[in-house]
Amino acid sequence: MTLVLTTYDWVPDFPRGFVRDIRVRWMLEELGRPYRVETVPLRDKSPDHVAQQPFAQVPFIRDGDLTLFESGAILLHLAEGTVLMPQAQRPHVQQWLIAALNSVEPFVLAWIVNKVFDKDEAGAARREPMMRRRLAQLQAALGGRDWLAGDGFTVADLLMADILRIPAQNGFLDDLHGLAAYVERATGRPAFGKAMADHLAHWRAADEKAGAA
Ligand SMILES: N[C@@H](CCC(=O)N[C@@H](CS)C(=O)NCC(=O)O)C(=O)O
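Quick caveat: nothing in here was measured; it's all calculated off a predicted structure.

Engineer: Hey, could you run me through the overall build of the chain in this one?
Structural biologist: Along the backbone of the chain there are 8 helices and 4 strands. Going residue by residue from the N terminus, the α and β elements of the chain occur as β-α-β-α-β-β-α-α-α-α-α-α. What you see for the chain is a C-alpha radius of gyration of 17 Å, in line with the 17 Å of a compact globule of 213 residues. Projecting the C-alpha coordinates of the chain onto the three principal axes gives extents of approximately 50 × 45 × 30 Å. Within the chain, the proportion of its 213 residues that are buried is 42%. Partitioning the intrachain contacts of the chain with sequence separation of at least 6 by distance along the chain shows that 71% fall at a separation of at least 24.

Written out as structure tokens, the structure reads:
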């Protein structure tokens, strides 16, 4: 049965490229798993939406009988038994995936929320050193390796690199060459390119639909 990925029906320009359906799309492209996209309204959150994502957010998926929310849980589910979760590295893949969600993303989010959503420059400036420290620590932990867990690209790299796209695009990796190269290595994968093209095409189609309405 084709997997169903749910994202928003439309979003404004600024989050495009970053709405978290992108990480699920990327994963599905890596695995060569077909999927189709359904949408929920960005505004007017319905009880049905909340029944599937209790915080009225996206993404969530339906995979056969299973409905799953939280991008990290979705990625873990999809990775199970695949090359993106090699059995020998499983504990370390899980460790780095949780580190991405719990030890890196909160610092990136705190900065971006201040900077972009709240337009609070002073707040963003206060958050910046903490984010920079985490990024430097991450680069040190990566050392000279290509990937975080084992020799190959795993689901932990997919998630970490996706999270790092925000600091990368905002110049915070300009003096962290190892981490910048890591993000480029990950996002240079054909699966990411395809996922991003489809993600952006989804918003363009949404614009056209809104224009036609
Ligand atoms: N921890 C959740 C976060 C989901 C999340 O923040 N989704 C955003 C889009 S990327 C959203 O729906 N924002 C709108 C809202 O919170 O109302 C996950 O990783 O799935």
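Engineer: Looking at this structure, how should I read the nonpolar core?
Structural biologist: Inside soluble globular proteins, nonpolar side chains tend to come together where they are buried. Judged by nonpolar contacts, the single largest core of 54 residues is most densely connected at Trp 26, Val 155, Met 160, Leu 164, Leu 179 and Tyr 182. Elements with a contribution of two residues or more to this core: β1 (3–8), α1 (21–31), α3 (71–79), α4 (90–117), α5 (121–142), α6 (155–169), α7 (177–187) and α8 (190–212). Looking at this core, you find at least three residues from each of domain 1 (3–82 + 191–212) and domain 2 (87–189). Among residues more than four places away in sequence, those in contact with Tyr 182 are Leu 142, Asp 146, Trp 147, Leu 148, Ala 156, Asp 157, Met 160, Ala 161 and Leu 164. With 7 residues, the next largest nonpolar core counts Tyr 8, Val 40, Phe 60 and Trp 203 among its residues.

Engineer: I keep staring at the site of the ligand and nothing clicks. Help me out?
Structural biologist: Neighbouring residues of the ligand: Tyr 8, Val 19, Arg 20, Lys 45, Gln 57, Val 58, Pro 59, Glu 70 and Ser 71. Lys 45 is positioned with one of its side-chain polar atoms (N or O) 3.1 Å from an oxygen atom of the ligand. Val 58 is positioned such that a nitrogen or oxygen atom in its backbone is 2.8 Å from a nitrogen atom of the ligand. Bound to the protein, the ligand loses 72% of the 510 Å² it would expose on its own. A class-by-class count of the residues in the shell around the ligand yields 4 nonpolar, 2 polar and 3 charged.

Engineer: Help me understand the environment of Arg 25, please; the structure alone is not making it clear to me.
Structural biologist: Relative to the helices and strands, Arg 25 resides in helix α1. In sequence terms Arg 25 and Leu 68 are 43 residues apart; their C-alpha atoms lie 15 Å from each other. In this structure Arg 25 touches Leu 5, Tyr 35, Val 37, Ala 195, Asp 198, His 199 and His 202, once residues within four positions along its chain are discounted. A polar contact is formed between the side chain of Arg 25 and the side chain of Tyr 35, at a distance of 3.2 Å.

Engineer: Please explain the domain arrangement of the chain as it appears in this structure.
Structural biologist: You'll often see interface size given as the accessible area lost when the parts meet. Structurally, the chain comprises domain 1 (3–82 + 191–212) and domain 2 (87–189). Between the C-alpha centres of domain 1 and domain 2 there is a distance of 21 Å. At the interface, 18 residues of domain 1 touch 21 residues of domain 2. Note on domain 1 versus domain 2: buried area summed over both sides is about 1700 Å², and carbon and sulfur give 66% of it.

Engineer: Would you mind showing me how to read the sheet that holds strand β4 (residues 66–69) here?
Structural biologist: Within a sheet, each strand pairs with its neighbour through backbone hydrogen bonds, oriented either parallel or antiparallel. Within the open sheet, the 4 strands sit side by side as β2-β1-β3-β4. Their pairing is mixed. The sheet is open, and its two edges are formed by β2 (35–40) and β4, each paired on a single side. Each adjacent strand pair in this sheet contributes to an overall mean axis angle of 25°, direction not counted. Of the pairings in the sheet, the one linking strand β3 (residues 60–63) to β4 comprises 4 bridges and is antiparallel in character. Its bridge partner being in β4, Arg 62 is matched across the sheet by Thr 67. Each of β1, β3 and β4 is contacted by α3, which is oriented at about 135° to β4, the strand it contacts most.

Engineer: Looking at this structure, I do not really get the pattern of salt bridges. What am I missing?
Structural biologist: Any two side chains of opposite charge can pair, given that their charged atoms come close. Using the criterion set out here, one finds 17 salt bridges in the structure. Each of Arg 20, Arg 23, Glu 105, Asp 162 and Arg 165 takes part in a single network of salt bridges with overlapping partners.

Engineer: Quick question: what am I supposed to make of the packing of aromatic side chains here?
Structural biologist: By convention here, two paired aromatic rings are described through the distance between centres and the angle between planes. Taken as a whole, this structure holds 7 aromatic pairs when the rule is applied. Pairing Trp 26 with Phe 192 gives two aromatic rings, centres 4.8 Å apart and planes at 70°, and the pair type is edge-to-face. Of this pair, Trp 26 sits in helix α1 while Phe 192 is found in helix α8, placing the two residues 166 residues apart along the sequence. Geometrically, the ring pair formed by Phe 55 and Phe 69 is edge-to-face, given 6.2 Å between the ring centres and 75° between the ring planes. You can see Phe 55 sitting in the loop between α2 (47–52) and β3 and its partner Phe 69 sitting in strand β4, a full 14 residues away along the chain.

Cut-off values and rules
- Residues numbered from 1 in each chain as written.
- Predicted model: local features only at pLDDT ≥ 70, side-chain atom pairs only at ≥ 80, totals over all residues.
- Heavy atoms only, no water.
- Helix = DSSP H or I, 4+ residues; strand = E, 2+ residues; numbered from the N terminus.
- Rg over C-alpha atoms; globule rule 2.2 N^0.38 Å.
- Buried < 20%, exposed > 50% of the residue type's maximum accessible area, 1.4 Å probe, protein only.
- Contact = heavy atoms within 4.5 Å.
- Core = buried A, V, L, I, M, F, W, Y, C linked by side-chain atoms within 4.5 Å.
- Domains from an automatic or database assignment.
- Near = heavy atom within 4 Å.
- Polar contact = N/O pair within 3.5 Å; in protein donor to acceptor, adjacent residues only side chain to side chain.
- Areas by Shrake-Rupley, 256 points an atom, 1.4 Å probe, with all protein chains shown as cover.
- Nonpolar A, V, L, I, M, F, W, Y, C, P; charged D, E, K, R; others polar.
- Buried area = accessible area lost by both parts, 1.4 Å probe.
- Pairing = 2+ DSSP bridges.
- Axes fitted to C-alpha atoms, helices over the stretch in contact; angles between N-to-C directions.
- Salt bridge = Lys/Arg side-chain N within 4 Å of Asp/Glu carboxyl O.
- Phe/Tyr/Trp six-rings, centres within 6.5 Å; stacked < 30°, edge-to-face > 60°.

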